[in-house]
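Here is what each chain is made of, one letter per residue.
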Amino acid sequence: MSDARKKPCCICRRWFRPDPRIGLRQRTCRNPDCQAARRRKKQKQWRERNPDYFIARRMLDRGKADRAPEPLRLPPPLSRLPWDIAQFEFGLKGTDFIGVLGTVLLRGAQSQIQPVAPSGCEDRGHEAGVSPTGPPP
């Protein structure tokens, strides 16, 4: 084998010879730590490209269970709602969908409600730099 076939590991940057069965597709050396790091990196990229996969899969798996599944763990105030009545009315999949949708909406609303003081208005005591009685002095 010639040295021209060597290539750098994408994790540790050490030069290695790819396994002949894998060839040019091999990205990491044979070090198990490098292989595990690349696997974690690829899984993270896949999860970022498919963010809803595990939510949908969990909902489908819960519907296939032989016995009634435990209620979803939802953040307050959603946890205080009567989910047993919703499950009776909408079924298991419908209730799970409503719970996940409520969680997404709640997180979105909470991220929008962060108090931010307008710049230059802290000392005047009114919003957006506009006086309620007229133009600024």
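What this report covers is the structure whose coordinates are included nearby. (Residues numbered from 1 in each chain as written. Predicted model: local features only at pLDDT ≥ 70, side-chain atom pairs only at ≥ 80, totals over all residues. Heavy atoms only, no water.)

**Concerning the packing of aromatic side chains**
Then, number 1: Counted by the stated rule, this structure contains three aromatic pairs.
Then, number 2: Note on Trp-46 and Tyr-53: the rings are 5.1 Å apart at their centroids and 80° apart in plane angle, and the pair reads as edge-to-face.
Then, number 3: Its relative accessible area of 33% is what places Trp-46 among the partly exposed residues.
Then, number 4: On the basis of relative accessibility, which here comes to 38%, the residue Tyr-53 falls in the partly exposed class.
Then, number 5: Summarising the aromatic geometry, the rings of Tyr-53 and Phe-54 are spaced 5.0 Å apart at their centres and angled 85° between planes, so their arrangement reads as edge-to-face.
Then, number 6: Ring-pair connections join several aromatic residues into one group, and the members of that group are Trp-46, Tyr-53 and Phe-54. (Phe/Tyr/Trp six-rings, centres within 6.5 Å; stacked < 30°, edge-to-face > 60°. Buried < 20%, exposed > 50% of the residue type's maximum accessible area, 1.4 Å probe, protein only.)

**A look at a positive patch on the surface**
Then, number 1: A cluster of basic residues, Arg-27, Lys-41, Lys-42 and Arg-49, forms a positive patch on the protein surface.
Then, number 2: Following the sequence through the fold, Arg-49 ends up in helix 1 (residues 32-49).
Then, number 3: For Arg-49, a relative accessible area of 57% gives the class exposed. (Patch = residues over 30% accessible without salt bridge, like charges linked within 9 Å, V, L, I, M, F, W, Y side chains within 5 Å. Areas by Shrake-Rupley, 256 points an atom, 1.4 Å probe, with all protein chains shown as cover. Salt bridge = Lys/Arg side-chain N within 4 Å of Asp/Glu carboxyl O. Lys, Arg positive; Asp, Glu negative; His and termini not counted. Charge placed at Lys NZ, Arg CZ, Asp CG, Glu CD. Helix = DSSP H or I, 4+ residues; strand = E, 2+ residues; numbered from the N terminus.)

By themselves, these figures tell us nothing about what the structure is for.
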